[in-house]
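# Working through the structure, step by step
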Amino acid sequence: MNNFRGEFELELNGKKYEGKISMNSLRMLCKQEDIALDGLFDFMNKEPMTGVCAMTFHAIKNKALLTGKKSELPNFETFCAWMLDDAEKFEEMSKVVLEQLGPDEDEDSKKA
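These remarks concern the structure in this document. (Residues numbered from 1 in each chain as written. Predicted model: local features only at pLDDT ≥ 70, side-chain atom pairs only at ≥ 80, totals over all residues. Heavy atoms only, no water.)

## Re the pairing of strand β1 (residues 7-12)
The test is simple: When DSSP finds two or more bridges between two strands, those strands count as paired. By the criteria applied, helices consist of DSSP H or I runs no shorter than four residues and strands consist of E runs no shorter than two, each listed in order from the N terminus.
Relative to strand β2 (residues 15-20), β1 runs antiparallel, the two sharing 6 bridges. Looking at the pairing, Leu-10 lines up with Tyr-17 of β2. Taking the residues between adjacent antiparallel strands as the criterion, β1 and β2 are bridged by 2 residues, where Asn-13 takes a positive phi near 55°.

Written out as structure tokens, the structure reads:
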């Protein structure tokens, strides 16, 4: 998978999932959490565990929608329990999410 395009693979609770962080996955997350897109960074800072789980969950749903496959995800709370029970997977997905939401390093280096 291409992390630079927001794509990832995740093995969780014995099952492999593919995800894609994109505008649609952000839209789904914002709808679930009842926040505006411009409130996403505040949400991620205030609720990092829920935020990473939600971003990952919706990215998996998004990839399934894009490919016409069934995601076979459990409900959101079960997914969070699985993610938070595996510190290594949570850390891995935190990095993927932050890479996608963080500032573009090339743009920052151009300003310096």
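## Quick notes on the pattern of salt bridges
Put simply, the test is: What makes a salt bridge here is a side-chain nitrogen of Lys or Arg within 4 Å of a carboxyl oxygen of Asp or Glu, nothing more. Exposure categories follow from relative accessible area, calculated using a 1.4 Å probe and restricted to protein chains: below 20% of the type maximum is buried, above 50% is exposed, and the middle band is partly exposed.
A complete count under the given rule lists 3 salt bridges for this structure. With a shortest N-O distance of 4.0 Å, Glu-7 and Lys-63 are connected by a salt bridge. Here Lys-63 lies in helix α3 (residues 48-67) and Glu-7 lies in strand β1, a separation of 56 residues in the sequence. Considered together, Glu-7 and Lys-63 belong to a single accessibility category, that of buried residues. Lys-15 serves as the salt-bridge partner of Glu-72, at 3.4 Å between the closest nitrogen and oxygen. Within this pair, whereas Glu-72 is found in the loop between α3 and α4 (76-85), its partner Lys-15 is found in strand β2, the two being separated by 57 residues in sequence. Overall, Glu-72 belongs to the partly exposed group, its relative accessible area being 48%.

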